[in-house]
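# Breakdown of the fold
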Amino acid sequence: MPIAHPDSIEDLKEILRADTSIVLLAGGTDFMVGLNHGSTRLESDHLIVDLRSVAELSTVELDYRSKMLRLGAGVRWNDLLSGPIEDAAPCLSQSARTVGSHQIRTAGTIGGNVATASPAGDGVCALVALDASVVLTSHRGQRNVAVRDFATGPKTTVIEKDEFIERIDVPIVNGWQGYSKIGTRNAMVISVAGAAVVLSPDSQICRIALGSVGPTIIAADSASSFATTAIDWNTSSVSTDDLDQVVQLVRESASPINDHRSTASYRTHAVGVLVKRLIEQGLRSIKESV
Amino acid sequence: MTYTSDEKHFELTVNGSKHQVKDSFLGASLLSVLRDHIGMTGSKGACEEGECGSCSVLLDGNLVCSCLVLAASVTQSSIVTIEGLGGATDVQQAFVECGAIQCGFCSPGLVMAATNLLDRNPDPDVDDVREALAGNLCRCTGYGRILDAVQVAVDGRKRNKL
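Residues numbered from 1 in each chain as written. Chains lettered and ligands numbered in written order. Predicted model: local features only at pLDDT ≥ 70, side-chain atom pairs only at ≥ 80, totals over all residues.

### Comments concerning the overall build of chain B
The secondary structure content of chain B amounts to five helices and six strands. Along chain B, helices and strands appear, N-terminal first, in the series β-β-β-α-β-β-β-α-α-α-α. The C-alpha atoms of chain B give a radius of gyration of 16 Å, which matches the 15 Å a tight globule of 162 residues would have. Principal axes of the C-alpha set define a box for chain B whose edges measure 45 × 35 × 25 Å. For chain B, the residues scored as buried account for 46% of the 162 residues in total. Intrachain contacts of chain B at a sequence separation of at least 6 include 60% that bridge at least 24 residues. (Helix = DSSP H or I, 4+ residues; strand = E, 2+ residues; numbered from the N terminus. Rg over C-alpha atoms; globule rule 2.2 N^0.38 Å. Buried ≥ 20, exposed ≤ 12 C-beta atoms within 10 Å, placed from the backbone. Contact = placed C-beta atoms within 7 Å.)

In structure tokens form, the structure reads like this:
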């Protein structure tokens, strides 16, 4: 079972065209845990493809003219923490800072986070709130899939066997955005509940995404559209009753489970509190910046 | 151009020297190869899921958990382990001076993480230190003396610069 080290996207396309028993290896922070604990097994006919050797997958393109941040799938968490990416997509940076430890953020990639399709994926939650899309590439061509439609359940996605994630296209949204999560400590935790909120006074849009409260990251559409109309964008305020209604809709769109990390009822409660605090914080921040 | 490497027999560059690895098992982590094939037992294995940091090494200068690295995939990389620091660096001396060690199991990982922090950020505040060491668990010390030790190392480097 050899390991292939393609050094270009063209090479990668050809490898995926020729072979079907392929394991794409990015940061390895999830895959190796499975191998070490025996829940993932490699067979001798598997071909491991080392994505780290494809430098093109680590490019970052910040295009303020078309208001798009194009993040190569191989961009690592530590590269998302500060600088121009933090300015362009603050909630993505905030989510990156909550992922694992420095060691994990050195290895793990944004493409890997999307591909792994964990219901708790911190980066995915931010990307859904930002209405980002996944650019899937194969020898057949390229297609865009909204991040919110990419995962179909825990660890299952719409990716085809010959495709790979080339990049994530993240719209640059004016206004305020935030990501928040609850876990059992402040570092190194898989979230018990998480939420990302994007507030854009310019386009008068509120978008809410929820993590760890369903089989995939949830785009809370009913709550988002209610909030969009309920918020008075001229004064950056929302009535208490309307905010309570947003929280109610958030909780209705959640479908969490009981597991070793938390209970469904706690998650339902917590995710509402997170969204409420994020919206309050966001509106306060917008008001202060005017 | 794509090149392929063998999963079971390969060569690693550790602390500046080449090491031949024979008959590693499918999917072996860098940690297990370092310990069981190369005989470098400084990097410790505990959780093998990236939670405890006791296996921390530098991979091309970046701090990673060696348990989460597929050994056969890093044949082109430069690996530095705790053995590569030599045993008497300023950070290691500071750990000794401050008594930042009890059972010692976490020490190699913590020394690697602290060394990497100081190389990235020569003037970390206490929050920077705590964040940089968040991925390294110690079950003995309660961390107080470890934080002291990092501060001693920071101060020492600043003094040497003056």
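### Looking at the overall build of chain A
Looking only at helices and strands, chain A has 12 helices and 14 strands in total. In terms of overall size, chain A behaves like a compact globule, its C-alpha atoms giving a radius of gyration of 19 Å where 290 residues would be expected to give roughly 19 Å. The 290 residues of chain A split such that 53% are buried. In chain A, of all internal contacts separated by at least 6 residues, the share reaching a separation of at least 24 is 67%.

### Considering the pairing of strand β11 (residues 176-182) of chain A
All names here are of chain A. Where burial is concerned, most of β11 is hidden: six out of the seven residues are buried. Bridge count for β11 against strand β12 (residues 193-200) is seven bridges, and the pairing is antiparallel. Opposite Gln177, over in β12, you have Val198 as the bridge partner. (Pairing = 2+ DSSP bridges.)

### Considering the interface of chain A and chain B
Listed as interface residues are 30 residues of chain A and, on the opposing side, 29 residues of chain B. Elements that contribute at least two residues to the side of chain A that touches chain B include exactly β1 (3-5), α1 (9-18), α2 (31-37), β3 (47-50) and α6 (102-107) of chain A. Residue composition of the side of chain A that touches chain B, grouped by class: 16 nonpolar, 11 polar and three charged. (Nonpolar A, V, L, I, M, F, W, Y, C, P; charged D, E, K, R; others polar.)

### Re the domain arrangement of chain B
Residues and elements named next belong to chain B. Taken domain by domain, chain B holds domain 1 (10-84) and domain 2 (87-161). Each of domain 1 and domain 2 was reduced to a C-alpha centroid, and the two centroids are 22 Å apart. Contacts between domain 1 and domain 2 engage 12 residues on the former and 11 residues on the latter. With three residues, strand β4 (residues 56-59) is the largest single contributor of residues to the side of domain 1 that touches domain 2. (Domains from an automatic or database assignment.)

### Comments concerning the environment of A:Leu80
Residue and element names in this part refer to chain A. On the secondary structure map, Leu80 appears in helix α3 (residues 77-80). Using a count of 25 C-beta atoms within 10 Å as the deciding quantity, one classes Leu80 as buried. Between the C-alpha atoms of Leu80 and Arg105, which are 25 residues apart in sequence, the distance is 9.4 Å. Apart from residues lying up to four places away in sequence, Leu80 is in contact with Val75, Ile85, Leu92, Ser93, Ala96 and Ile110.

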